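Below, each chain spelled out in residue letters.
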Amino acid sequence: MKKYLFKVSILGLALTFGLASCQSEYLNPSSASETQVVNDPNGLIALCNGLQYRFTVSRTSPIYASVTAAGLTTKSLTVLNAGNADEDFLQKGGANVTETNSVVRNLWEQSNLVKANADLILNNVSKVSDPALKAYITAHASIFKAISLGTIAQFFEKAPIKVAENAVFNTRQEVLQEAVSLLESSASAVASTTAPTTFTNRIVGGIDYVNTAYALAARYYLMLGNNDKALEMANKVDLSKKSEFKFDEQSRNPIFETALSNINVYQPMDLNMGLPASLAPNTADKRIDFYFTSRSAISGVFRGKGFFTANSASIPVYLPGEVSLIKAEAFARKSDLTNAIVELNKVLTKTTDVWGLGAGLSAYAGANTQEAVLTEIYRNRRIELFMSGLDLEDSRRFARPGFDKGASAERSRNYYPYPSTERLNNPSTPSNPDN
């Protein structure tokens, strides 16, 4: 992926600055050459590539932090070496997760940095004269701003939407609403526009902009409890198309590089994927073999794979199965169990999809009640979307037993504390949640 080489050279000018999470430090990511970068279309495209790089690459990335934090908090992953102290504290949960936890800090800081740099692009894209190029730069920046906001909303009770000194914190609902607004507008901007070669020849490829905007909007509308809009957006997604974060030997898949390529950081806890025994995957479920190298522990360790098999392995932005399960859940919450089961069966009986992922099971034969259908949808979300970073959000939304349920708890926290770097620099930072 040679385009990464160009982008990395720009990072020194456009995206490298202090990692303190004070909102004021998100304001000026390129003091040395900001004017030059943002007044040139190629500079804006380089900044677009920088958004993806910061969001996806290395142990500091929101991709690593979200998959790691959600998996450890919901007991689908287990730390193998307590020397990885912050991951270990996330697994222990409760008061062990403090304001200084590096995984939590990276989740917050890096997502906010992506958001701030997306704003820099969006505030200057009017300088691009070609309408098609302008539309795609806008869509790219909007999608990364939205996914950064959506990621923050999955782990924190509140967050600032606007970049400012002493930024005011918005509610989680307001943050998600901003994300869906960005996604819907970006989909409209490029839905009937062909990407120009001035964009495709310089951007790191892999993202299907229209389908990604609809799929992520459906995800966040579901999190907002707006089932009608979740259905509307999900129905627009073409499930035969891929949208992916691409990597190579320089940029590197962060989960494989840091965790699954070794037995030192973490691996899956067991074949149950964080589910209680009563919801354990059917032994005939082909997804077990997709996500695990073997159904037997090797030296006491279950080894994961899935989308983390090599440094160059792509990570899906969303999965077709997620879209079907969004529809299933939205229908079920609207008490339309007939259509909910239709969508659920698309996941249960699917033998493969564009990513080679399928359960190959029989259609749903459980009770025709809202509670039973929603429970089966939850089970399949945890299996289909294993190590997606969505685990904690799902556990809360489906009201699974929380940290206060003792031995039966299925998660060790509800939300995370705000990093100390934010609190030290922003007096607007709210009190931390108890758990």
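These notes cover the structure that comes with them. For every chain, the first residue of the written sequence is number 1, and numbering continues from 1 onward in sequence order. Thresholds applied to this predicted model are a pLDDT of at least 70 for local features of residues and 80 or more for the giving and counting of side-chain atom pairs; totals over whole chains, interfaces and linings are not thresholded and use all residues. For side-chain calculations, the full set of non-hydrogen atoms in the structure is used, while hydrogens and water are omitted.

1. Overview of the environment of Ala141
Now for step 1: Numbered from the N terminus, helices here are DSSP runs of H or I no shorter than four residues, and strands are runs of E no shorter than two. Among the structural elements, Ala141 can be located in helix α7 (residues 131–155).
Now for step 2: Separated by 74 residues in the primary sequence, Ala141 and Ala215 place their C-alpha atoms 16 Å from one another.
Now for step 3: Excluding anything up to four places from it in sequence, Ala141 contacts Leu51, Ala118, Ile121 and Leu122. Contacts were defined at the residue level, with two residues in contact if any of their heavy atoms lie within 4.5 Å.

2. Quick look at the pattern of salt bridges
Now for step 1: Within this document, salt bridges are pairs made up of a side-chain nitrogen of Lys or Arg and a carboxyl oxygen of Asp or Glu, the two lying within 4 Å of each other. Scanning the entire structure with this criterion turns up 29 salt bridges.
Now for step 2: Residue Lys236 is joined to Glu232 by a salt bridge in which the shortest nitrogen-to-oxygen separation is 3.9 Å.
Now for step 3: Each residue's exposure class comes from its accessible area (1.4 Å probe, protein chains only) as a fraction of the maximum for that residue type: buried when under 20%, exposed when over 50%, partly exposed otherwise. Judged by relative accessible area, which is 34%, Glu232 ranks as partly exposed.
Now for step 4: Put simply, Arg172, Glu329, Arg333, Arg381, Glu393, Asp394, Arg396 and Arg397 are held in one network by salt bridges that share partners.

3. Considerations on the packing of helix α3 (residues 41–56) against α7
Now for step 1: For the pair α3 and α7, the least separation of the axes is 10 Å and the interaxial angle reads 25°. By the criterion of interaxial angle, the relationship of α3 to α7 is roughly parallel. Note that α3 runs across α7; the crossing there is left-handed. Where α3 approaches α7, its residues Pro41, Leu44, Ile45, Cys48, Asn49, Leu51, Gln52 and Phe55 are matched on the opposing element by Leu133, Ile137, His140, Ala141, Phe144, Ile147, Ser148 and Thr151. Axes here mean lines fitted to C-alpha atoms, for a helix over just the part in contact, with angles spanning 0 to 180 degrees between N-to-C directions. For classification purposes, an angle smaller than 35 degrees is called roughly parallel, one larger than 145 roughly antiparallel, one from 65 to 115 roughly perpendicular, and anything else oblique. It is the rotation of the near helix from the far one that decides the hand of a crossing: anticlockwise by less than a right angle makes it left-handed, clockwise makes it right-handed.

4. Thoughts on the packing of helix α6 (residues 102–122) against α7
Now for step 1: The N-to-C vectors of α6 and α7 enclose an angle of 155°; their axes lie 9 Å apart at closest approach. The angle between the axes of α6 and α7 places the two elements in the roughly antiparallel class. For the pair α6 and α7, the sense of crossing is left-handed. Residues Leu107, Trp108, Ser111, Asn112, Val114, Lys115, Ala118, Asp119, Ile121 and Leu122 of α6 form the contact with α7, whose own contacting residues are Ile137, Thr138, Ala141, Ser142, Phe144, Lys145, Ser148, Leu149, Thr151, Ile152 and Phe155.
Now for step 2: Each residue is assigned to one class: nonpolar for Ala, Val, Leu, Ile, Met, Phe, Trp, Tyr, Cys and Pro, charged for Asp, Glu, Lys and Arg, and polar for all the others, Gly among them. Residue composition of the contact of α6 with α7, by class: 12 nonpolar, six polar and three charged.

5. Topic: α3
Now for step 1: Taking 1.5 Å as the rise per residue, α3 with 16 residues should run 22 Å; its terminal C-alpha atoms sit 23 Å apart, in good agreement.
Now for step 2: With its phi angle positive at about 85°, Ser58 sits one or two positions after the end of α3. How far a helix is expected to stretch is found by multiplying one less than its residue total by 1.5 Å.

Purely geometric stuff here, so don't read any function into it on its own.
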